[in-house]
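The lines below spell out each chain.
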Amino acid sequence: MKRSTLIALKTLTWVACLWPMGLLVYGAATNNLGPDPTSKLALTTGYNTLLLLILSLAITPVRRLSPRLNWLIKFRRLLGLFAFFYGTVHMLTYVALYSNFDVSAMLDDIARRKFITIGVVAWLLLVPLAATSTNWAIRKLGGKNWNRLHKLVYVAAVCGIIHYWWQVKTGVLSPLRLTVVLAVLLAARPVWTLSQKWMKSRKTAMPAPGD
Ligand code: HEM
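Residues numbered from 1 in each chain as written. Predicted model: local features only at pLDDT ≥ 70, side-chain atom pairs only at ≥ 80, totals over all residues. Heavy atoms only, no water.

Asker: Mind showing me how you'd approach the coordination of the iron atom of the ligand here?
Answerer: Think of it this way: four donors in a tetrahedron around the metal ideally sit 109.5 degrees apart, and six in an octahedron ideally sit 90 or 180 degrees apart. Surrounding the iron atom of the ligand are the protein donor atoms H90 (NE2) and H163 (NE2), at 2.0 Å. In this structure, the iron atom of the ligand is surrounded by six donor atoms whose angles at the metal cover 87 to 180°, and the resulting shape is octahedral. Of the two residues, H90 is situated in helix α3 (residues 76–98) and H163 in helix α8 (residues 152–167); the sequence distance between them amounts to 73 residues. Residue H90 is classed as partly exposed on the basis of its relative accessible area, which comes to 22%. The class of H163 is buried, set by a relative accessible area of 18%. (Donors = N, O, S within 2.8 Å, 3.2 Å for Na, K, Ca; no water. Tetrahedral: all angles 85-135°; square planar, octahedral: opposite > 155°, others 65-115°. Helix = DSSP H or I, 4+ residues; strand = E, 2+ residues; numbered from the N terminus. Buried < 20%, exposed > 50% of the residue type's maximum accessible area, 1.4 Å probe, protein only.)

Asker: In this structure, what is going on with the packing of helix α4 (residues 103–112) against helix α5 (residues 114–131)? I would like to understand it.
Answerer: Between two packed helices, both the angle of their axes relative to each other and the distance between the axes serve to describe the pair. With their axes 5 Å apart at the nearest point, α4 and α5 run at an angle of 105° to one another. When the axis of α4 is compared with that of α5, the two are roughly perpendicular. In contact with D109, I110 and R112 of α4, α5 contributes K114, I116, T117 and V120. Considered class by class, the residues forming the contact of α4 with α5 number three nonpolar, one polar and three charged. (Axes fitted to C-alpha atoms, helices over the stretch in contact; angles between N-to-C directions. Parallel < 35°, antiparallel > 145°, perpendicular 65-115°, else oblique. Contact = heavy atoms within 4.5 Å. Nonpolar A, V, L, I, M, F, W, Y, C, P; charged D, E, K, R; others polar.)

Asker: Help me understand the environment of L33, please; the structure alone is not making it clear to me.
Answerer: Structurally, the position occupied by L33 is in the loop between α1 (3–29) and α2 (37–65). A residue is classified by how much of its surface remains accessible, and L33, at 14% relative accessible area, is buried. Taking the C-alpha atoms as reference, L33 lies 9.3 Å from L23; in sequence the two are ten residues apart. Dropping the residues within four chain positions of it, L33 is found in contact with L24, G27, A28 and K40.

Asker: Explain the site of the ligand to me, please; I cannot follow it from the model alone.
Answerer: If you check the shell around the ligand, you find 22 residues, and the closest are S39, H90, Y98, H163 and Q167. Take H90: an N or O atom from its side chain is 2.7 Å from a nitrogen atom of the ligand. Residue composition of the shell around the ligand, grouped by class: 14 nonpolar, eight polar and no charged. (Near = heavy atom within 4 Å. Polar contact = N/O pair within 3.5 Å; in protein donor to acceptor, adjacent residues only side chain to side chain.)

Asker: In this structure, what is going on with unusual backbone geometry? I would like to understand it.
Answerer: One can expect most non-glycine residues to show negative phi and most peptide bonds to be in trans. A positive phi angle, near 55°, is found at N100, a position not held by glycine. Within the fold, N100 resides in the loop between α3 and α4. Positioned with a positive phi, F101 is a non-glycine residue whose angle comes to about 60°. Looking at the element boundaries, F101 is found in the loop between α3 and α4.

Asker: Looking at this model, I keep getting lost on the side chain of H150. Mind explaining?
Answerer: Topologically, H150 is positioned in helix α7 (residues 143–150). Those residues in contact with H150 that lie beyond four places of it in its chain are L129 and T132.

Asker: Looking at this structure, I do not really get the pattern of salt bridges. What am I missing?
Answerer: A side chain of one charge can pair with a side chain of the opposite charge when the charged atoms of the two come close. Across all of its chains, the model carries three salt bridges by this definition. Residues D109 and R112 are paired through a salt bridge, measuring 4.0 Å at the closest nitrogen-oxygen approach. On the criterion of helical spacing, the pair formed by D109 and R112 is a turn pair, its members being three residues apart in helix α4. R113 is the salt-bridge partner of D109, the closest N and O atoms lying 2.8 Å from each other. Residue class for D109 comes out buried when judged on its relative accessible area of 10%. R113 sits in the partly exposed class, given a relative accessible area of 36%. (Salt bridge = Lys/Arg side-chain N within 4 Å of Asp/Glu carboxyl O.)

Encoded structure:
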């Protein structure tokens, strides 16, 4: 891919990722966040955390569809870091606006409400991933360890989905779309590994020409 195309696509990604935050800031500045601004802030940042996390998870399976899509890898870290950014604003919304920085009330809430507990787990899982997203950290950890650690992103996404389901009222199906996408992405991994193994075994079982 040409350098100028890559720069244009990266710029577009930045704009797309910052768009929901821009709308929130604009809504807050113009007093236009609806009847419950705190909830609007939490819902928008929570949803975008999960969406960006799932998009970053989709990069590898989509790349496997064709070698021509290899350039997508250049966007995985960016999407993952934006997911962490929204997740952190989401968490801070809870700390500042829902709990008024009251530590004991927060601890009580985390222990009592399971949807908050799993949200905290999801965010905590994202912390080491964001902290080790630099080239320096990859070098220090070594590719193998880094890859092993970064498998946690799947656990974080699953916790995020459970958190979403536990947060909505009974009968509300809004988390279904992201759940299906995540399920497909999770299934794609073993399917890919099995198909690679099967192709390898076929190659070795096939007689060489002239045998
Ligand atoms: C410290 C960690 C977290 C806390 C305390 C927390 C808290 C909350 C709260 C209070 C809401 C409900 C807002 C409302 O109904 O007004 C919510 C919604 C939500 N959160 Fe979290 N959350 C946390 C982490 C996360 C993480 C890491 C993700 C994603 C991976 C996430 C995804 C969501 C989603 C998708 C929603 C619902 C959005 C919607 O209905 O459109 N949360 N969270």
